[in-house]
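Close look at the chain arrangement
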Amino acid sequence: MSSVVLDKVTKVYPGDFLAVDRLSLHADDGEFLVLLGPSGCGKSTLLRMIAGLEGITEGSLWLDGQVANHLAPRDRDVAMVFQNGALYPHRTVRGNIAFPLEIAKADPAMVRERVTELSKALHIDETLDRRPGTLSGGQRQRVAMGRAIVRRPRLFLMDEPLSNLDAGMRTELRMEISALVRSLGVTTIYVTHDQVEALTLADRIAILNRGVLQDVGTPAQIYNDPATAFVAAFLNSQQLNLLAAEVRTPQNQYVLLDFGPHQLTLPWSDPRAYAISQHTGGQVLVGLRPDGLAPVPESYEGPSFYGRVRALEYHGHDWLAYVDCGIPHVPVPEPPDPRARAAQDGEAPGGLPGLVRRLFGWQEEHP
Ligand code: ATP
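Residues numbered from 1 in each chain as written. Predicted model: local features only at pLDDT ≥ 70, side-chain atom pairs only at ≥ 80, totals over all residues.

Before going further, it helps to examine the overall build of the chain. Within the chain, the secondary structure is distributed over ten helices and 19 strands. Taken across its 367 residues, the chain has 34% of its residues classed as buried. Considering only intrachain contacts with a sequence separation of at least 6, the fraction spanning at least 24 residues in the chain is 61%. (Helix = DSSP H or I, 4+ residues; strand = E, 2+ residues; numbered from the N terminus. Buried ≥ 20, exposed ≤ 12 C-beta atoms within 10 Å, placed from the backbone. Contact = placed C-beta atoms within 7 Å.)

Bringing the site of the ligand into the picture now. Surveying the vicinity of the ligand reveals the residues Tyr 13, Phe 17, Ala 19, Gly 37, Ser 39, Gly 40, Cys 41, Gly 42, Lys 43, Ser 44, Thr 45 and His 193. Of the residues forming the shell around the ligand, the biggest block, three residues, is contributed by helix H1 (residues 43–51). Looking at the shell around the ligand residue by residue, the class counts come to four nonpolar, seven polar and one charged. (Near = placed C-beta within 6 Å. Nonpolar A, V, L, I, M, F, W, Y, C, P; charged D, E, K, R; others polar.)

For the rest of this paragraph, the subject is the UniProt feature "domain: ABC transporter" (unreviewed entry) in the chain. The feature "domain: ABC transporter" (unreviewed entry), as annotated in UniProt, sits at residues 4–235 in this numbering. Note that residues 4–235 is 37% helix and 26% strand, and that its end C-alpha atoms are spaced 25 Å apart. (UniProt positions renumbered as here; feature names shortened; annotations may be inferred.)

Between helix H4 (residues 137–149) and helix H5 (residues 167–184), whose axes approach to 11 Å, the crossing angle comes to 15 degrees. Judged by the angle between their axes, H4 and H5 are roughly parallel. The way H4 lies across H5 gives a crossing that is right-handed. Residues Gly 138, Gln 141, Arg 142, Met 145 and Ile 149 of H4 lie in contact with H5, whose contacting residues are Met 169, Leu 173, Ile 177 and Leu 184. Among the residues forming the contact of H4 with H5, the class breakdown is six nonpolar, two polar and one charged. (Axes fitted to C-alpha atoms, helices over the stretch in contact; angles between N-to-C directions. Parallel < 35°, antiparallel > 145°, perpendicular 65-115°, else oblique. Left-handed = near helix turned anticlockwise from the far one by under 90°.)

Below, the discussion takes up the sheet that holds strand E13 (residues 263–266). As summarised here, the arrangement of the four strands in space is E13-E12-E11-E14, forming an open sheet in which the pairing is antiparallel. If you trace the sheet from one side to the other, it starts and ends with E13 and strand E14 (283–288), each paired once. Strand-to-strand twist across the sheet, computed as the mean angle between neighbouring axes with direction ignored, equals 35 degrees. The sheet contact formed by strand E11 (residues 241–248) and strand E12 (residues 255–258) spans three bridges and is antiparallel. Bridge pairing in E12 links Glu 246 to Asp 258. (Pairing = 2+ DSSP bridges.)

Turning our eyes to something else, we now look at the nonpolar core. Formed by 65 residues in total, the largest nonpolar core has its most connected members in Val 34, Leu 35, Ile 50, Phe 156, Leu 157 and Ile 189. Sequence-distant contacts of Leu 157, that is, excluding residues within four places in its chain, are made with Leu 47, Ile 50, Ala 51, Val 78, Met 80 and Ile 189. Grouped together as the second largest cluster of nonpolar side chains are eight residues, Leu 243, Val 255, Leu 264 and Leu 288 included. (Core = buried A, V, L, I, M, F, W, Y, C linked by C-beta atoms within 7 Å.)

A few words now on unusual backbone geometry. Positive phi, normally seen in glycine, also occurs at Asp 16, with a value near 60 degrees. In this fold, Asp 16 is placed in the loop between strand E1 (4–13) and strand E2 (17–27). On the basis of neighbour count, Asp 16 is assigned to the exposed category, with 6 C-beta atoms found within 10 Å. Residue Asp 64 is not a glycine yet carries a positive backbone phi of 50 degrees. Mapped onto the fold, Asp 64 is located in the loop between strand E4 (58–63) and strand E5 (66–67). Assessed through the 15 C-beta atoms surrounding it within 10 Å, Asp 64 is described here as partly exposed.

What follows covers the sheet that holds E5. Here four strands make up an open sheet; going across it, the order is E2-E1-E4-E5 and the pairing antiparallel. The sheet is open, and its two borders are formed by E2 and E5, each paired with just one other strand. Note that E1 and E2 share seven bridges and pair antiparallel. What sits directly across from Leu 6, in E2, is Leu 25.

Below is the structure:
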């Protein structure tokens, strides 16, 4: 068993700086929990408090049902991997991975077996006799991971372990971390500011901002039903359109979102209609994701905005159209249509007006 419970944990740094504010959170046995948030939100502080590297100002930390606020780091049975997994430069890869078991005076045959097994799982079995100075960044992080995991701690803490690697290596190692940690079943708390990393790795994600927990849930829960506008915006690397709307339910026939220049109607069969109707007579903030918007023909009868295409950008995998809807610009995927390109280059007769008459609506509402 290995669970972590944080109960109203607060961290005040010298100078009265409140880095973590009465934060309550738990990680269940075998769970992969990701702490996500912008730089300075307090996620490393939280991880360091769990590891015992930083004191807790107020509140309690429970490890496996026991208060651990004052437990020495070495008695927590916790292993940590940092951004720059600092390795012992004069030890070989084998010596680095084996180190925690050697100081615990483990049986040498068992040490050999574990190191061999782990180095294969981490694809560094060819480097076992080399020193860290001769390894690539990705290989060094694999060794750091191996060294942390080798003694099978009850809790695995990782602080942005992939952030110094290039994009390709990050994706590769991300998949390996996921497979390895899950095969061992070790409870893991993983810190990152990278949304994709959080969404792909986590069983649950906890999102922090300025030391305050904003939301916690499975990736799908927080992506589809974010608790706050901050969470919705942070999870969308592309611009999220956040628009204020008044809610009405004319004669109880449907739900109407009035954005001022535009209105959207949602039938009662729409899964969002009931929740939005709870705010009838008031204002709500509506998040429209670019990936939930698409051009529709003029004959389209579902919820839609009518807008003027101001600019088109080619992004390799798709086009983005910046559309003026009388509200913030709305980037939408645009098929690579030669007419669009010509319009962008100003070569088509009339230029952009050729694309003006387009309607935009929620993609899932498409016929
Ligand atoms: P990053 O992703 O940039 O590492 P983070 O979310 O991990 O950010 P923390 O390192 O936990 O953030 O820092 C939270 C806040 O506490 C920051 O404003 C930071 O400047 C401050 N802080 C961290 N350590 C100390 C310290 N020892 N003394 C005073 N303030 C600190």
